[in-house]
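Breakdown of the fold
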Amino acid sequence: MYLKFDGGVELRITPAPDQEPVSLTPGLGAHRMRVPLLVEPIALPAGITVLQLSGELYAEHPAPQWLGDVVPVAVSLLEGRSRPADIACSLSDQQILALEQTRGDQELQIRINLTGVLPQGPGEFPFAHDQEILRVPTSRWGQQLESLGRAVSITIAVPLPPDGAHLADAGNYLREAKLLITDGKYEPAVVKVRHALERMQELKHWPTKPPKDQPDPTKWSQDVRWGVILRSLWAQACGAAHADEVTKDFVYTRSDAISLQVGAAGILNQLTAVLAP
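Below or above, wherever it landed, is the structure these notes cover. All values reported here derive from a predicted model rather than from experimental measurement. Throughout, a residue's number is its position along its own chain's written sequence, starting from 1. Per-residue local features are limited, in this predicted model, to residues with pLDDT of at least 70; the limit for side-chain atom pairs, both in listing and counting, is 80 or more; totals at the level of whole chains, interfaces and linings are taken over all residues. As a rule here, side-chain values come from all non-hydrogen atoms in the structure, and water together with hydrogens is ignored.

Okay, the nonpolar core next. The term nonpolar core refers to a set of buried residues drawn from Ala, Val, Leu, Ile, Met, Phe, Trp, Tyr and Cys, joined through side-chain atoms within 4.5 Å. For every residue, the accessible area obtained with a 1.4 Å probe (protein chains only) is divided by the maximum for its type, and the residue is called buried under 20%, exposed over 50%, and partly exposed between those limits. Counting 38 residues, the largest nonpolar core has Val39, Leu51 and Leu57 as the members making the most contacts within it. By definition in these notes, contact holds between two residues if any of their heavy atoms fall within 4.5 Å. Residues within four places of Val39 in sequence aside, it is in contact with Leu11, Arg12, Ile13, Leu51, Leu53, Val75, Leu77, Arg81, Ser82, Arg83 and Ala85. Residues Ala170, Leu174, Leu260 and Ala265 belong to the second largest nonpolar core, which totals 26 residues.

Next up, the structure:
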């Protein structure tokens, strides 16, 4: 990239050699994406010693999609010397997961839209802009993802079904369950999950039991397998708020509530897809 300013000032921006082209630093629900750059003066008049960089980062697959604003950074300038300039932005868990979903098996492609400002620059508008696509090999990006480890949580995005439908009711119950989990009310959350699963079962889209003449699950159809998963989730959630001889001692933890809510959300996602008009 080249930043060309009024008055003949020209700076070349290149990826920093001997460093990872992109690095990720784990955080709490959000993570820092860092791109190390070098700023090399090509033409630098005396008296200009500071460059301010800002901009935006975009993912380039399948089409440009905004990732975030670059945290502004100040770079000291010296004729004949390249200076480091690390640009960075914040990415949420959901952005990391969405980025992986759209990237597929391709190399990571990040478009850098960079804006430079020379506070000491000549002219009325000491601004310059340029952009470049940074390509990161799959293996090197994979190493960065591994560095995040358990810092990234999984989020399931379920399209909202039409209002008034069984699936819309199920979606509402699952949203209520999520709020209850946040409040630390795990058994009431499981009750909401059970209601959601019951609304899905009422559609009778899949068989809820395997064929009596075929006990081998490896021989079941896909519809039977989906139905058994739905029925099994419902059976696990049925212990909440019941006090019969079998379920009276059931205790539901946060992990139990989250697992059932996520499982039900997955089934809702599948039903929403297969029943879409």
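On to the sheet that holds strand β9 (residues 127-136), then. By definition, two strands form a pair when at least two bridges between them are found by DSSP. The numbering of helices and of strands both runs from the N terminus, where a helix is a DSSP run of H or I of at least 4 residues and a strand a run of E of at least 2. Across the sheet, 4 strands lie side by side as β6-β5-β8-β9; this open sheet has antiparallel pairing. Across the chains shown, the open sheet's two edge strands, defined by having one partner strand only, are β6 (65-76) and β9. In this sheet, neighbouring strand axes are inclined to one another by 20° on average, regardless of whether the strands run parallel or antiparallel. Pairing of strand β5 (residues 50-59) with strand β8 (residues 108-117), which is carried by 8 bridges, proceeds in the antiparallel orientation. Bridging from a neighbouring strand, Ser54 pairs with Thr115 of β8. To get an axis, a line is fitted to the C-alpha atoms, and for a helix only the part in contact is used. The angle between two axes follows their N-to-C directions and goes from 0 to 180 degrees. Running over the sheet, helix α1 (residues 93-103) touches β5, β6 and β8 and is turned about 115° from β6.

Turning next to the pairing of strand β4 (residues 30-43). Bridging between strand β2 (residues 10-15) and β4 involves 6 bridges; their strand directions are antiparallel. Looking across to β4, one finds that Pro15 is bridged to Leu37. Here strand β3 (residues 23-25) pairs with β4 via 3 bridges, running antiparallel. Looking at the pairing, Ser23 lines up with Arg34 of β4. In textbook terms, the turn of a hairpin is the stretch between consecutive antiparallel strands, and for β3 and β4 this stretch comprises 4 residues, one of which, Gly29, has a positive phi near 80°. The pairing of β4 with strand β7 (residues 83-92) spans 10 bridges and is classified as antiparallel. If you follow Ala30 over to β7, its bridge partner there is Ser92.

Of note in the backbone geometry, Asp18 takes a positive phi value of approximately 60° without being a glycine. Looking at the element boundaries, Asp18 is found in the loop between β2 and β3. By relative accessible area, Asp18 is classed as exposed at 83%. The phi dihedral of Lys204 is positive, around 55°, even though this residue is not glycine. As for its position among the elements, Lys204 is in the loop between α4 (186-201) and α5 (222-237).

Any Lys or Arg side-chain nitrogen found within 4 Å of a carboxyl oxygen on Asp or Glu counts as a salt bridge. Scanning all chains against the criterion turns up 11 salt bridges. The partner of Glu107 in a salt bridge is Arg135, with the nearest N and O atoms 3.4 Å apart. Of this pair, Glu107 sits in the loop between α1 and β8 while Arg135 sits in strand β9, and the two are 28 residues apart along the sequence. Taking the relative accessible area as the measure of exposure, Glu107 reaches 30% and is therefore partly exposed. A salt bridge links Asp169 to Arg199; the shortest N-O distance between them is 2.6 Å. In this pair, Asp169 is assigned in helix α3 (residues 166-182) and Arg199 in helix α4, connecting sequence segments 30 residues apart. Asp169 gets classed as partly exposed once you look at its relative accessible area, which sits at 24%.

Another point: the pairing of β6. As a general feature of sheets, a regular strand has side chains that alternate between the two faces. Bridging between β5 and β6 involves 9 bridges; their strand directions are antiparallel. Paired with Leu53 across the two strands is Val73, which belongs to β6. The turn linking β5 back onto β6 is made up of 5 residues.

In this structure, Ala189 sits in helix α4. Linking Ala189 and Leu148, residues 41 residues apart in sequence, is a C-alpha distance of 29 Å. Residues within four places of Ala189 in sequence aside, it is in contact with Ala177, Leu180, Ile181 and Ala257.

Next up on the list: the side chain of Arg103. Looking at the secondary structure, you find Arg103 in helix α1. Classification of Arg103 by relative accessible area gives buried; the value is 6%. Identification of polar contacts relies on pairs of N or O atoms within 3.5 Å, with a donor-acceptor requirement for protein atoms, meaning one able to donate a hydrogen and the other able to accept it, and with residues adjacent in sequence counted only if both atoms are side-chain atoms. Among the polar contacts made by the side chain of Arg103, one reaches the side chain of Glu100 at a distance of 2.8 Å. Apart from residues no more than four positions distant in its own chain, Arg103 is found in contact with His61, Leu108, Thr138 and Trp141.

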